[in-house]
Amino acid sequence: MNRSFKTRGANMLVLLAANVAMLVATANSALRSSPAFDEPAHFASGLILAKHGDAGYFRVNPPVSRWITAGATAVFPELSLPPVQPSTTHTNTRRPEFETGDTVLELNENNYMPALRIARLARLPFLVLAAWLLWSVTSTLAPTRRMLCVTLWCTSPLVLGHGWVLSADALAGVAMCFILWNTQRLWDRPTVGNFSLAGIGWGLAVGTKFTFGPLALLYPLLVHFCAPRAWSGQTKSRSGTHDSSCEKSSGEQCPSWIKLAAKVSVRWGILAAVGCLTVNLLYLCDETAKPLGQHDFVSDLFSKWTQPDSPDESTPPWFTRAMRKVPSPFPRVLLEGVDKQLADMDQPHGAYLAGHRIPGEIPWFFLVGYFIKEQLAVWLGGLSILLAAIWLRTRGKGRERPQRPAIAFFCVLYLLGFSLLMANQYNLVWNIRYLIPALPMLYVVLAAFIPKFDISFPWGAKRTLSDAVPVSMVAIAFLEFVSVFPFFFSYTSPLLGGSYRVPMALNDSNFDYGQDLFYIRRWIDQQNRIRGAEDSLNTYGILSGHGRGWLADCIQPADAQMIEALGQRFEAGRGLRRHESGEEVALILSRGLMHPQQWAVRYSNFKDMNSTLADRNRVAEVQLNHRPDAFITPTLAVYYIPAPEAENAGQE
């Protein structure tokens, strides 16, 4: 058995192991975790699409995620739905899917979780598909580098944390892998068929996440810029490269640039038409071609285009008047969903960074998120590229620069464009999961640009360590995968303190998604088994997320008195447990409650106890400055405080 065959076999084993590890991690979370913050709304919207053919629920997200849920309903247990009003009757200021989602949860006490788990598992094959698309995209790289690219995807905390949740975030990463794969095909063979396939890919991408809309405008420019030879008529076939625009051997004159431009324009027109058709089919052609002036727009951008500035305005500007009459080539729900997202972005938001409240308009926030939510292997890869660039700049003059595939430079430029786009969306700063579409591009760049090392040992024999960096990155990725399992949702880089320092490093809805409610019951049961039936633990909680009714028999809502006792414990006991006060209780906190926005707090027990801002600040202060007595998960902390009745008896 020759060495190259052994190397390929080892790479394929690692590749297979990475995919199996990804499936095990995501399936474990899908089967064990309670509904995340907005999963009931996503789930109900998919059920409505399956039963009523209405794609308009949860309109702020495109419908691909809902179609996966709708397809999985064929094997669901029987579920009851409340009376559903058509989405066409809802104004763009309402979000009825949340109320409907909670109602569906209440109506299906026994069958809800089995059905939800099936819908989650239905998403996992798409994560594997993305891994193999990346393997194909990096076909011009060395096998070790291809293995690195796929392994980073399979062990990414963002992918593992969101790949099983009923949302569009991880699917957006899959869509980007499909786009990269289509791009490589366009460069190899820019045929009408491949342009049509790319159009389907872009239609599915826009039907997955609205972020792909602006990215689509940049796509044609970068495709031509990164592979100009593909547009001079040269096409790669299985037998080699040939000139498809003219036959030089026959003396035929090559077509002029005008004919080439016309040919390319037609193909891009086909891509756009197929993409538009795909989007319309995903929305079931819901009121396509409806004039813009008849839409229910609420954002500043769309409203000023299609509606008069005031009721007294008799003659609107010519542009506004014309725009109102323009029929849209897109479904009504798509445009109104984008409009609703823009309206949300019009509202200023803030975030916590390193434990401090940061007001809105911080365009660098997502760039910080790249590193806070990425594994150590990515840090190592970026550092190696930086050091190699410095070395080439200072000592490597005259050395032959390595050739990189066009797809790598395409990813560099597209990643830059994506970063600028996200930086402009600083009003949505808490959603670091929006970075997932950038991950495939980031991993291709790392795989293509990590340096080679040729070292001469003292005894004169040369040894090549060209695979040292990618192999090290793969090993680190697997080690970190094992150490973080199963809590990828709340991952924070160990260089910033790790997952258990979550609230002090970066505020993010990933940490406040309510996915850990089932872990609370398991922890309480474990504590009671240790203590025995006669000494069961009294537990109170300040929790976030849906489905708190599942914990009503084992956990009680905290009150303002308990918050005060929590603060006094650290003031009087200097952070030590106060055994002298008698019986203690466990106060369980969702660490994401530090979120500064009221929408995160309204789903917590803070609402139940009519808390004041001082109460919320007291909890945030304790979480920032004092390590809990125990962790249930990285997002659920336990503090032991005096029981309210014991404290009252001492005061009397």
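Bear in mind that the values here come from a model prediction, so they are computed numbers and not experimental data. (Residues numbered from 1 in each chain as written. Predicted model: local features only at pLDDT ≥ 70, side-chain atom pairs only at ≥ 80, totals over all residues. Heavy atoms only, no water.)

Draft legend 1. Main features of the packing of helix 2 (residues 39-52) against helix 5 (residues 112-121). Put simply, helix 2 and helix 5 touch, their axes get as near as 11 Å, and they point 80° apart. Put simply, helix 2 runs roughly perpendicular to helix 5. Counting all contacts with helix 2, which are made through Glu39, Pro40 and Phe43, the residues of helix 5 involved are Tyr112, Ala115, Leu116, Ala119 and Arg120. (Axes fitted to C-alpha atoms, helices over the stretch in contact; angles between N-to-C directions. Helix = DSSP H or I, 4+ residues; strand = E, 2+ residues; numbered from the N terminus. Parallel < 35°, antiparallel > 145°, perpendicular 65-115°, else oblique. Contact = heavy atoms within 4.5 Å.)

Draft legend 2. Representation of the nonpolar core. If you look at the biggest cluster of nonpolar residues, it comprises 105 residues, and the most contacted ones within it are Trp153, Phe212 and Phe410. Per-element tally for this core: the top contributor is helix 9 (residues 169-188), with 11 residues. (Core = buried A, V, L, I, M, F, W, Y, C linked by side-chain atoms within 4.5 Å. Buried < 20%, exposed > 50% of the residue type's maximum accessible area, 1.4 Å probe, protein only.)

Draft legend 3. Fine view of the pairing of strand 7 (residues 539-542). Covered by surrounding structure in strand 7 are Thr539 and Gly541 together with Tyr540 and Ile542, the residues of both alternating faces. Sheet topology note: the strand 7/strand 9 (residues 584-590) ladder contains 4 bridges and is parallel. Within strand 9, the residue paired with Tyr540 across the bridge is Leu587. Where strand 7 meets strand 8 (residues 556-557), 2 bridges bridge the pair, whose relative direction is parallel. Across the sheet, residue Gly541 finds its bridge partner in strand 8, namely Pro557. (Pairing = 2+ DSSP bridges.)

Draft legend 4. Representation of the pattern of salt bridges in the model. Across all of its chains, the model carries 11 salt bridges by this definition. Salt-bridge contacts for Arg332 lead to Asp286; the nearest nitrogen and oxygen are separated by 3.2 Å. Here the residue Arg332 occupies a position in helix 15 (residues 332-345), and Asp286 occupies one in the loop between helix 12 (257-282) and helix 13 (300-306), the gap between them amounting to 46 residues. Connected through shared salt-bridge partners, Arg59, Asp286, Glu287, Lys290, Arg332 and Glu336 make up one network. (Salt bridge = Lys/Arg side-chain N within 4 Å of Asp/Glu carboxyl O.)

Draft legend 5. A look at the packing of helix 10 (residues 192-206) against helix 11 (residues 212-226). As a packed pair, helix 10 and helix 11 sit with axes 9 Å apart at the nearest point and diverge in direction by 150°. When the axis of helix 10 is compared with that of helix 11, the two are roughly antiparallel. For the element pair helix 10 and helix 11, the recorded crossing hand is right-handed. For the pair helix 10 and helix 11, the contacting residues are Trp202, Ala205 and Val206 in the first and Phe212, Gly213, Leu215, Ala216 and Tyr219 in the second. Taken together, the residues of the contact of helix 10 with helix 11 sort by class into 7 nonpolar, 1 polar and no charged. (Left-handed = near helix turned anticlockwise from the far one by under 90°. Nonpolar A, V, L, I, M, F, W, Y, C, P; charged D, E, K, R; others polar.)

Draft legend 6. A look at a nonpolar patch on the surface. On the surface, a cluster of nonpolar side chains totalling about 340 Å² of accessible area is made up of Leu16, Val20, Val24 and Phe485. For Leu16, the position within the fold is in helix 1 (residues 3-32). (Patch = residues over 30% accessible without salt bridge, like charges linked within 9 Å, V, L, I, M, F, W, Y side chains within 5 Å. Areas by Shrake-Rupley, 256 points an atom, 1.4 Å probe, with all protein chains shown as cover.)

Draft legend 7. Geometry of the pairing of strand 11 (residues 636-642). Counting buried positions along strand 11 yields 7 of 7 residues, so the element is predominantly enclosed. Alignment of strand 10 (residues 630-633) against strand 11, held across 3 bridges, turns out to be antiparallel. For Ala630, the partnering residue across the bridge sits in strand 11 and is Val638. Hairpin connection between strand 10 and strand 11: a loop of 2 residues separates the two successive antiparallel strands.

Draft legend 8. Inspection of unusual backbone geometry at higher detail. A cis geometry characterises the amide bond from Phe485 onward to Pro486, with omega recorded as 0°. Within the secondary structure layout, Pro486 lies in the loop between helix 20 (468-484) and helix 21 (502-505). We note that Glu287 has phi near 50°; this positive angle belongs to a residue other than glycine. Here Glu287 falls in the partly exposed class, since its relative accessible area comes to 31%.

Draft legend 9. Broad picture of the packing of aromatic side chains. Tallying each qualifying case throughout the model produces 19 aromatic pairs. Residues Phe178 and Trp181 carry aromatic rings whose centres are separated by 5.8 Å and whose planes lie at 20° to one another, so their mutual orientation is stacked. In this pair, Phe178 and Trp181 are both assigned in helix 9, 3 residues apart and thus about one turn of the helix distant. Seen in terms of ring centroids, Phe410 and Tyr414 are 5.1 Å apart; in terms of plane orientation they differ by 55°. Their pairing is tilted. Of this pair, Phe410 and Tyr414 both sit in helix 18 (residues 406-423), 4 residues apart, which is roughly one turn of the helix. Taken together, Trp187, Phe195, Trp202, Phe212, Tyr219, Trp268, Phe410 and Tyr414 form an aromatic cluster joined through their ring pairs. Against the face of Phe58 rests Arg95, its NZ or CZ located 5.1 Å from the ring centre. Sitting over the ring of Tyr519, Arg522 keeps its end group 4.8 Å from the ring centre. (Phe/Tyr/Trp six-rings, centres within 6.5 Å; stacked < 30°, edge-to-face > 60°. Lys NZ or Arg CZ within 6 Å of the ring centre and 35° of its normal.)

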